[in-house]
Amino acid sequence: LPFIGFHCGYSCARVAKRRGPDAALSPTLSRAEVADRMVSTIRALQTLTGKEMAIENMDYGPTGALEYVCEPAFIRRICARASCGFIWDIAHALVSAAPLGVKESDYMQQFINELGPFTREVHINAPSGEIDAHLAATGRELDWLGRLLGAGATPDAITVERDWPENKSGLAIVKDLKNELKAVVATMAGIRMKN
């Protein structure tokens with residue numbers, strides 16, 4: 001791809017990595033300081049690699065590590081200031097709405113409204129309850145992909161993200177992936193037919 005993607009930054013200087021949202025090990029920094037740090041890092045990476053950067057939304061949890069950095073308007077400001085793209089991880093967004101105290105449909109629509117023009121890639125998979133589990137996308141996730149594309153977004157890539165059980169054979173994985181890809185392509189084709 002013509003860009004390099006990475007997760008959006010944290011709202012604090014030090015974090016503990018864990019399954020689910022990472023936890024803060026230091027106080028929350030101001031929005032201005034975090035924005036300046038993110039923009040500076042993105043610009044440095046663009047200069048170092050000669051490629052565009054794209055930042056991916058994280059999965060919010062009330063741990064202090066991701067305060068305000070999961071807000072679509074905040075991410076849009078970073079993309080605009082740093083002249084970078086956006087990677088919309090649909091499952092990350094779905095599991096973030098409830099902990100943020102936002103109605104799922106409103107939060108998801110904010111991503112489309114705020115970041116549709118910046119979207120370079122979409123990660124599609126389904127969560128398991130409140131956890132980003134990289135399960136097969138369902139109609140719920142495909143609907144949001146369709147809404148994004150229907151709003152005029154033109155991502156360079158749509159990535160089917162999956163974690164596969166170790167006890168599943170390669171042939172079974174290929175068959176599952178084939179069905180998932182058919183569903184994604186059907187969603188994309190349905191949008192083209194409407195337009």
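Before reading on, note that the structure itself is shown above.
Model, not experiment: these values are computed from the prediction.

Caption draft 1: Seen up close, the packing of aromatic side chains. Under the definition given, this model contains four aromatic pairs. Pairing Tyr68 with Phe74 gives two aromatic rings, centres 5.2 Å apart and planes at 65°, and the pair type is edge-to-face. With respect to burial, Tyr68 and Phe74 carry one shared label: buried. Centroid distance Tyr107 to Phe111: 4.9 Å. Interplanar angle 80°. Geometry classified as edge-to-face.

Caption draft 2: A look at the pattern of salt bridges. Counted by the stated rule, this structure contains ten salt bridges. With a closest N to O distance of 3.2 Å, Arg37 and Glu33 form a salt bridge. In this pair, Arg37 and Glu33 both sit in helix α1 (residues 31-49), four residues apart, roughly one turn of the helix. For Glu33, a relative accessible area of 32% puts it in the partly exposed group. The shortest N-O distance in the salt bridge between Arg120 and Glu52 comes to 2.0 Å. Taken together, the positions of Arg120 in strand β6 (residues 119-124) and Glu52 in strand β4 (residues 52-56) put the pair 68 residues apart, joining distant regions of the chain. For Glu52, a relative accessible area of 23% corresponds to the partly exposed category. A single network of salt bridges, built from pairs that share partners, joins Glu52, Arg120 and Asp156.

What counts as what
- Residues numbered from 1 in each chain as written.
- Predicted model: local features only at pLDDT ≥ 70, side-chain atom pairs only at ≥ 80, totals over all residues.
- Heavy atoms only, no water.
- Phe/Tyr/Trp six-rings, centres within 6.5 Å; stacked < 30°, edge-to-face > 60°.
- Buried < 20%, exposed > 50% of the residue type's maximum accessible area, 1.4 Å probe, protein only.
- Salt bridge = Lys/Arg side-chain N within 4 Å of Asp/Glu carboxyl O.
- Helix = DSSP H or I, 4+ residues; strand = E, 2+ residues; numbered from the N terminus.

Keep in mind these values describe shape, not function.
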